[in-house]
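# Fold and contact review
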Amino acid sequence: MAEAWWGSPTSSSWRRPGGCRSGSPSSQMASAGEPRPAPPDAADQSFDYMFKLLLIGNSSVGKTSLLFRYAEDTFTPSFVSTVGIDFKVKTVYRRAKRVKLQIWDTAGQERYRTITTAYYRGAMGFLLVYDVANAESFSAVQDWATQIKTYSWDNAQVILVGNKCDLEDDRVVPTEEGRRLAHELGFEFFEASAKDNINVKQVFERLVDVICEKMNESLDVSDAPAADGKGARLSEASPAPTRSCAC
């Protein structure tokens, strides 16, 4: 089995697991105390890489719906607010590599903010979600971006997602406004609909691809000789595994 690398929920560093660990495929609920990694799944140990991804954004923007649409291809119109943090696991194939994704769904309410930000460290990618029919959720994007910068590691990749693009008659955030803000923040941009299954798979797979690309770029830098003849060292804020991700 190929080596796998994954980040601890409370650490920005990479580590090689003694026995490759993964989250249970079923949805699990984290306690309101210290963050914990997903429990091991002894039935499925075969993967090349493991990435931890987070969905963040205001409450009711559709983060849970995006997760369920991607992980299980299901959608329910009823709204149940996430309490604390929840997660699912999905394995994808990207360029002949098997990548296991730990996808964490965070609560958007302010009272859970201390709990959810503890999970930012070690996350390799974020989907920052707003509702195209909710101006307040769009206005909050800047604050969420600041939290990513404050609590995550420097090389974490972010995609801004305008969800519920099926609600065209109720839209209050034009597509160009979302694209402009993403450009200002240095994020990629998609509009999506969990209900109509528009761009959901594309958003997640693009995030995985960007993470792989950045990992390879970091490893190229680390392999280049420095002026003193030694290899360049990556900063502690942006560690990378010693093996290139070819996905």
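Computed from a prediction, not measured in an experiment: that's the story for all the values here.

### Considerations on the environment of K88
By secondary structure assignment, the location of K88 is in strand β5 (residues 85–94). When the C-alpha atoms of K88 and E72 are compared, they prove to be 9.4 Å apart, with 16 residues separating the residues in sequence. Of note is the side chain of K88, whose polar atom sits 2.7 Å from the side chain of E72.

### Examining the pattern of salt bridges
Across all of its chains, the model carries 14 salt bridges by this definition. A salt bridge links K88 to E72, with the nearest nitrogen and oxygen atoms 2.7 Å apart. A residue pair is termed long-range when its members are at least 10 positions apart, and K88 in strand β5 and E72 in helix α1 (residues 63–72) qualify at 16 residues. Of the charged contacts in the structure, one is a salt bridge between R206 and E188, with a shortest N-O distance of 2.7 Å. Of this pair, R206 sits in helix α6 (residues 200–223) while E188 sits in strand β9 (residues 188–191), and the two are 18 residues apart along the sequence. Classification of R206 as partly exposed rests on a relative accessible area of 25%. Several salt bridges share partner residues, and in doing so they unite R94, K201, E205 and D209 into one network.

### Some points on the nonpolar core
Judged by nonpolar contacts, the single largest core of 56 residues is most densely connected at F51, L101, F126, L127 and L128. When residues of this core are assigned to their parent elements, the largest contribution, eight residues, is made by α6.

### Things to note about unusual backbone geometry
Excluding glycine, a negative phi dihedral is what most residues carry, and trans is how most peptide bonds are arranged. The backbone of S60 sits at a positive phi, close to 75 degrees, despite the residue not being glycine. At N199, a residue that is not glycine, the phi angle is positive and equals roughly 65 degrees. Along the chain, the position of N199 falls in the loop between β9 and α6. Take N199: its relative accessible area is 26%, and that puts it in the partly exposed class.

### Some remarks on the side chain of E205
Among the secondary structure elements, E205 is positioned in helix α6. For E205, the side chain forms a polar contact with the side chain of R94, separated by 3.1 Å. With near-sequence residues (within four places) excluded, E205 lies in contact with Y70 and R94.

### Focus on the layout of surface pockets
To locate leftover empty space, one rolls a probe as large as a water molecule over the atoms. Taken as a whole, the second largest pocket holds about 220 Å³ of empty space. The wall of the second largest pocket is formed by 15 residues, among which A156, Q157, V158, G186 and F187 lie closest to the centre. Of all the elements in the fold, those that place two or more residues in the lining of the second largest pocket are α4 (141–151), β8 (157–163) and α6. Broken down by class, the residue content of the lining of the second largest pocket amounts to eight nonpolar, three polar and four charged.

Conventions adopted
- Residues numbered from 1 in each chain as written.
- Predicted model: local features only at pLDDT ≥ 70, side-chain atom pairs only at ≥ 80, totals over all residues.
- Heavy atoms only, no water.
- Helix = DSSP H or I, 4+ residues; strand = E, 2+ residues; numbered from the N terminus.
- Polar contact = N/O pair within 3.5 Å; in protein donor to acceptor, adjacent residues only side chain to side chain.
- Salt bridge = Lys/Arg side-chain N within 4 Å of Asp/Glu carboxyl O.
- Buried < 20%, exposed > 50% of the residue type's maximum accessible area, 1.4 Å probe, protein only.
- Core = buried A, V, L, I, M, F, W, Y, C linked by side-chain atoms within 4.5 Å.
- Contact = heavy atoms within 4.5 Å.
- 1 Å grid on protein atoms, 1.4 Å probe; cavity = no way out; pocket = protein on both sides within 12 Å on 5 of 7 lines; lining within 4 Å.
- Points joined across faces, edges and corners; volume = space filled by probe spheres on them.
- Nonpolar A, V, L, I, M, F, W, Y, C, P; charged D, E, K, R; others polar.

This is a description of form; function is not addressed.
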